Amino acid sequence: MTIKAGILGATGYAGVELCRLLLRHPGVELAAVGSVSFEGKKLYEVYPNLRELCGLECENTDAVIAAADVVFAALPHGLSQETAAVCAALGKKFIDLGADFRLDDGEEYQKWYGCEAVHPELHQRAVYGLPELFREEIKNTDMIGNPGCYPTSVALGLAPALRAGVVETKGLVVDAKSGTTGAGRKPAQNTHFPDCNEAFSAYKVASHRHTPEIEQTLSKVAGEKASVTFVPHLLPVNRGILSTIYARLKPGFGLDRVRGLYEEAYKDEYFVRLLPDGSPVNIRDVRCSNFCDIQLYVDEHGGGDDGLLIVTAVIDNMVKGAAGQAIQNMNLLFGLTETAGLDMIPPAF
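Fair warning: this is a prediction, and the values are worked out from it, not measured in the lab.

What counts and how
- Residues numbered from 1 in each chain as written.
- Predicted model: local features only at pLDDT ≥ 70, side-chain atom pairs only at ≥ 80, totals over all residues.
- Heavy atoms only, no water.
- Helix = DSSP H or I, 4+ residues; strand = E, 2+ residues; numbered from the N terminus.
- Buried < 20%, exposed > 50% of the residue type's maximum accessible area, 1.4 Å probe, protein only.
- Lys, Arg positive; Asp, Glu negative; His and termini not counted.
- Salt bridge = Lys/Arg side-chain N within 4 Å of Asp/Glu carboxyl O.
- Polar contact = N/O pair within 3.5 Å; in protein donor to acceptor, adjacent residues only side chain to side chain.
- Contact = heavy atoms within 4.5 Å.
- Core = buried A, V, L, I, M, F, W, Y, C linked by side-chain atoms within 4.5 Å.
- Axes fitted to C-alpha atoms, helices over the stretch in contact; angles between N-to-C directions.
- Parallel < 35°, antiparallel > 145°, perpendicular 65-115°, else oblique.
- Left-handed = near helix turned anticlockwise from the far one by under 90°.

A. Summary view of the side chain of Asp96. Relative to the helices and strands, Asp96 resides in strand 5 (residues 93-96). Buried charge without a partner: Asp96 forms no salt bridge, and the closest opposite charge is Arg102, 6.5 Å away. A polar contact of 3.4 Å, which involves the side chain of Asp96, links it to the backbone nitrogen of Asp100. With residues near it in sequence (within four places) discarded, Asp96 still touches Ala73, Ser80, Phe101, Ile144, Gly145 and Asn146.

B. Here's a closer look at the nonpolar core. Counting 45 residues, the largest nonpolar core has Leu18, Leu22, Phe72 and Ile95 as the members making the most contacts within it. Broken down by secondary-structure element, the contributors of at least two residues to this core are strand 1 (3-8), helix 1 (13-22), strand 2 (28-34), helix 2 (43-46), strand 4 (70-73) and helix 12 (319-333). Among the elements that take part in this core, helix 12 stands out by supplying eight residues, more than any other. Apart from residues lying up to four places away in sequence, Leu22 is in contact with Ala5, Ile7, Val28, Leu30, Phe72, Ile327 and Met330. Grouped together as the second largest cluster of nonpolar side chains are 41 residues, Leu133, Phe134, Ala226 and Tyr266 included.

C. Just the packing of helix 8 (residues 149-164) against helix 11 (residues 255-266), in detail. One way to put it is that helix 8 packs onto helix 11 with a least axis distance of 9 Å and a crossing angle of 110 degrees. Judged on the interaxial angle alone, helix 11 and helix 8 are roughly perpendicular. Viewed along their axes, helix 8 and helix 11 form a crossing whose handedness is right-handed. Note on element contacts: helix 11 touches helix 8 through Leu261, Tyr262, Ala265 and Tyr266, opposite Ala155, Leu156, Gly157, Leu158, Ala159, Pro160, Ala161 and Ala164.

Okay, structure coming up:
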């Protein structure tokens, strides 16, 4: 069976990345693409790299839903809920790359995004789509809230330590850096070339919207409330996220023991690569791929009596942090091989 996929918001960065990947997926036909800004235009007129590879014309929402078995919504927050309701009524699978179905608590969603959860039953039905942590739940739903890019790197970086109870859940610190595509295609002053080139700055310090999502996922994994101080930074590059995560170790846990826990946790996870001891992670090494590379350190000098676990994790924010993870979720929803369409090798430079 060939799966027919439709993409809403296909002319945004995450949307066009979905197009790029789905066009090479062996079990998928890219059946329809939608765009409000470019309705009536061929997709390759907006992104010339797709010339002679994709002749689809940007259509309206109804046309995309009608043509598809699975609908990907790469839309700004607040715009996916009504579309999700239509897909649910029609029996279509729905994967939201925006923020509308990531948070369990409607009040938190309203607080951080300024939007009301207008279909509470759909929010309860949706599953948070981080396959390495919630694979079985994903297989048994038809509605996915695709994780944010920063939260993906942090959750994969900390999950084994939290699940095993080797670090404290309070006082977690995440220092993260992202390429400019994370801000979306719509121009903004801080992503304007003269402002971000040859520059490096923190933004939305301790107030970024991904904070509650990070805390929600880490709390689920730990089985108790986790609190995080999250400081994102803007890198003058197109792609990539590097998260450096600091967690207080509990007594009796050194680097060797912690590394053993990570090796066991990720031994069967194709997309998570625990690097050899001493090898630094680099966003270049995961570029254009669905991999997450992780490295572990313990600071025994400045980390207090029991030491400080330092985890570094890198992903491509447009692939594992968005489109690639969405396709990984689609593969699970339809019972396909999880790596289908995602076996890209990162370029060496």
